[in-house]
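Residue-level structure breakdown
Take a look at the letters that make up each chain.
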Amino acid sequence: MLIVFLGAPGAGKGTQAKTLAQKQNLTHLATGDLLRAEVAAATALGLAAKAFMDRGDLVPDDVMIGMIKGRLEGPDSDGILLDGFPRTVAQATALDEALTTANTSVDRSIFFKVSEEELVRRLAGRATCPNCQRPYHDTFNKPQNTDKCDDCGSDLIRREDDKPEAVRNRLKVYATQTTPVLEHYQKVGNLVEVDGEQSIDAVQEDLAAAIG
Ligand code: AP5
Ligand code: MG
């Protein structure tokens, strides 16, 4: 099974992906998380990507396509959940080509629909685990112990790109470069829209129904 999560920054992709991947034994491939790991390890890729990420721009397509391609083969699980990829039509086309070569395809693409006002509220209050990347929120999704991750106990941090200026740019970049990807999957015929503005549990239920 191959599922693609689509939606604006702050729509809840990472929050839902963590739970769904656990429940359905899927490999969660989150390109933002993979890039942040490269930045933390100060690899050449991480150093090159950091400036794009901090200001909320997309990392170039060739880097992202290379990063994801090798990870699509033979996951040690019941399938793959792509979170944050594809984010441009060029990435979607490259993914289609790689999957066609492997005789497979995207089973379901899920669009999390959330208003811009709510996205800004979510990103402004987000805290993230730098170790396992689980997202929390000051009001909507608090950790059990203040400022510590429930899963791994690490101290939570604020992402550099959650600062207001970067958030404004991320939303602009999303509108211009990523919304055409929705049309791409609409044409393919596997796109399902989920109301991402509901509670975390309600979204999880709709998601389970959408995946079937
Ligand atoms: P990435 O890490 O993918 O960031 P993003 O797409 O901007 O998405 P977020 O992680 O910000 O939001 P989310 O939808 O996961 O929401 P979350 O669950 O955390 O990418 C970062 C950067 O890497 C990019 O800007 C780019 O530079 C680069 N990059 C990554 N992939 C790339 C690619 N393919 N091509 C090029 N560049 C790429 O939730 C948000 C908040 O809301 C949290 O606080 C959470 O607790 C809360 N929340 C979640 N659900 C609910 C709910 N239902 N109700 C109330 N609160 C909720
Ligand atoms: Mg995320």
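Scroll up for the structure.
In this report, the structure presented in the accompanying data block is examined. Owing to the predicted nature of the structure, the values given are computational and were not obtained by experimental measurement.

Focus: the overall build of the protein chain
Within the protein chain one finds eight helices and seven strands. Computed over the C-alpha atoms, the radius of gyration of the protein chain is 16 Å, within 12% of the 17 Å expected from 2.2 N^0.38 for a compact globule of 212 residues. Considering only C-alpha atoms, the protein chain reaches an extent of 45 × 40 × 35 Å along its principal axes. Classification of the 212 residues of the protein chain by burial places 45% in the buried group. In the protein chain, of all internal contacts separated by at least 6 residues, the share reaching a separation of at least 24 is 69%. Of the roughly 10,800 Å² of accessible surface on the protein chain, 49% is carried by carbon and sulfur atoms. Separation between the mean location of the 24 positive side-chain charges and that of the 32 negative ones in the protein chain comes to 4 Å.

Examining the sheet that holds strand 3 (residues 80-83)
Adjacent strands of a sheet form backbone hydrogen bonds with each other and so pair up, either parallel or antiparallel. With parallel pairing, five strands are arranged side by side in an open sheet as 2-3-1-4-7. Across the chains shown, the open sheet's two edge strands, defined by having one partner strand only, are strand 2 (27-30) and strand 7 (191-195). The sheet shows a mean angle of 20° between the axes of neighbouring strands, taken without regard to direction. The pairing of strand 1 (residues 2-7) with strand 3 spans four bridges and is parallel. Following the sheet pairing, Phe5 is matched in strand 3 by Asp83.

Considering the packing of aromatic side chains
Here the structure, examined in full by the defined rule, presents one aromatic pair. Here Phe5 and Phe112 contribute two aromatic rings whose centre-to-centre distance is 4.8 Å and whose plane-to-plane angle is 75°, an arrangement assigned as edge-to-face. Of this pair, Phe5 sits in strand 1 while Phe112 sits in strand 4 (residues 108-113), and the two are 107 residues apart along the sequence. The exposure classification of Phe5 matches that of Phe112, with both residues buried. In this arrangement the basic side chain of Arg55 is found over the ring face of Phe52, its NZ or CZ atom lying 5.2 Å from the centre.

Describing the packing of helix 5 (residues 89-101) against helix 7 (residues 164-188)
Packed helix pairs are specified by the crossing angle of their axes together with the interaxial distance, meaning the distance between the axes. It is the contact of helix 5 with helix 7, at a shortest axis distance of 8 Å, that shows an interaxial angle of 35°. Residues Val89, Ala92, Thr93, Leu95 and Asp96 of helix 5 form the contact with helix 7, whose own contacting residues are Pro180, Val181, His184 and Tyr185. For the contact of helix 5 with helix 7, the per-class residue count stands at six nonpolar, two polar and one charged.

Considerations on the site of ligand 1
Taken together, 36 residues form the shell around ligand 1, and within it Thr15, Asp57, Arg87, Arg126 and Arg170 come nearest. One of the side-chain nitrogen or oxygen atoms of Thr31 is found 2.8 Å away from a nitrogen atom of ligand 1. With respect to ligand 1, the backbone of Tyr136 contributes an N or O atom lying 2.7 Å from an oxygen atom. In isolation ligand 1 has 1,000 Å² of accessible area, and contact with the protein removes 96% of it.

Each value, and the rule that gives it
- Residues numbered from 1 in each chain as written.
- Chains lettered and ligands numbered in written order.
- Predicted model: local features only at pLDDT ≥ 70, side-chain atom pairs only at ≥ 80, totals over all residues.
- Heavy atoms only, no water.
- Helix = DSSP H or I, 4+ residues; strand = E, 2+ residues; numbered from the N terminus.
- Rg over C-alpha atoms; globule rule 2.2 N^0.38 Å.
- Buried < 20%, exposed > 50% of the residue type's maximum accessible area, 1.4 Å probe, protein only.
- Contact = heavy atoms within 4.5 Å.
- Areas by Shrake-Rupley, 256 points an atom, 1.4 Å probe, with all protein chains shown as cover.
- Lys, Arg positive; Asp, Glu negative; His and termini not counted.
- Charge placed at Lys NZ, Arg CZ, Asp CG, Glu CD.
- Pairing = 2+ DSSP bridges.
- Axes fitted to C-alpha atoms, helices over the stretch in contact; angles between N-to-C directions.
- Phe/Tyr/Trp six-rings, centres within 6.5 Å; stacked < 30°, edge-to-face > 60°.
- Lys NZ or Arg CZ within 6 Å of the ring centre and 35° of its normal.
- Nonpolar A, V, L, I, M, F, W, Y, C, P; charged D, E, K, R; others polar.
- Near = heavy atom within 4 Å.
- Polar contact = N/O pair within 3.5 Å; in protein donor to acceptor, adjacent residues only side chain to side chain.

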